[in-house]
Amino acid sequence: VYGTLHGPGYSAGDAVTAAYTLPGGKKFVSDFHEFAIEWEPAGMRFYVDDALYATQAPVTIPAGKTWVYDHPFYINLNLAVGGIFPKYPDATTVFPQSLFIDYVRVYKR
């Protein structure tokens, strides 16, 4: 799984991103997991199952670019297929695919 920031001048292949894999070679598809982002105007922290795997802040985006995460956004949950990341579908790609979401919670500090 990836925690990625897309902003003006740092999107697509230039996005600020961090990867996380489950310990012991486990696969995300094998069970439900909790994904969390603690989002504050001066930074974001990304978690999987309570494990912090990335912290992003204005100093981690490319030099000369603008930190745009200091105002409200919306949540977009999807199952995207295609594009250059991670790769285009090919003969090994299995369809249909499913995305199961048990719940979404948003808290305000």
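Quick caveat: nothing in here was measured; it's all calculated off a predicted structure.

So, the nonpolar core
- Grouped together as the largest cluster of nonpolar side chains are 15 residues, with contacts concentrated most on L5, Y10, F46, Y53 and Y69.
- Counting only elements with at least two residues in this core, the list comes to β2 (16–19), β4 (43–48) and β5 (51–56).
- Ranked by residues supplied to this core, first place goes to β4 with 3 residues.
- Ignoring sequence-local partners within four residues, the contact set of Y10 consists of L5, A15, V16, I61, P62, K65, T66, W67, V68 and Y69.

Re the pairing of strand β3 (residues 35–40)
- One ladder, built from 6 bridges, connects β3 with β4; its direction is antiparallel. Counterpart to I37 in the pairing with β4 is F46.
- Counting the residues that bridge the hairpin from β3 to β4 gives 2 residues.

Comments concerning the pattern of salt bridges
- For the structure shown, the criterion picks out 2 salt bridges.
- Notably, a salt bridge pairs E38 with R45, separated by 2.8 Å at the nearest N-O pair.
- We classify E38 as partly exposed; its relative accessible area is 33%.
- Of the charged contacts in the structure, one is a salt bridge between R45 and E40, with a shortest N-O distance of 2.7 Å.

Things to note about the sheet that holds β3
- A sheet is described by the order of its strands in space; here 3 strands give the open sequence β3-β4-β5, paired in antiparallel fashion. Bordering the open sheet on either side are β3 and β5, each of which pairs with just one other strand. In this sheet, neighbouring strand axes are inclined to one another by 20 degrees on average, regardless of whether the strands run parallel or antiparallel.
- Examined bridge by bridge, β4 and β5 share 5 bridges and lie antiparallel to one another.

Details of the environment of V68
- Here V68 is to be found in the segment after β5.
- The residues contacting V68, other than those within four sequence positions of it, are G7, P8, Y10 and F73.

The rules behind the values
- Counting from 1, residues in each chain are numbered in the order their sequence is written.
- Local features in this predicted model are restricted to residues whose pLDDT is 70 or higher, and side-chain atom pairs enter the listing and the counts only when it is 80 or higher, whereas totals over whole chains, interfaces and linings include all residues.
- Excluded from the side-chain calculation are hydrogens and water; included are all heavy atoms of the structure.
- By nonpolar core we mean a set of buried residues, namely Ala, Val, Leu, Ile, Met, Phe, Trp, Tyr and Cys, connected to one another through side-chain atoms within 4.5 Å.
- The rule is simple: take the accessible area with a 1.4 Å probe, protein chains only, and divide by the maximum for that residue type; under 20% is buried, over 50% is exposed, in between is partly exposed.
- Only DSSP runs of H or I with at least four residues qualify as helices, and only runs of E with at least two residues qualify as strands; both kinds are numbered from the N terminus onward.
- The criterion used for residue contact is that any of the two residues' heavy atoms lie within 4.5 Å.
- Here a strand pair is declared whenever DSSP counts at least two bridges between the two strands.
- Whenever Lys or Arg places a side-chain nitrogen within 4 Å of a carboxyl oxygen from Asp or Glu, that contact is recorded as a salt bridge.
- In this description, a line fitted to the C-alpha atoms serves as the axis of each element, helices being fitted only across the stretch in contact, and the angle between N-to-C directions of two axes falls anywhere from 0 to 180 degrees.

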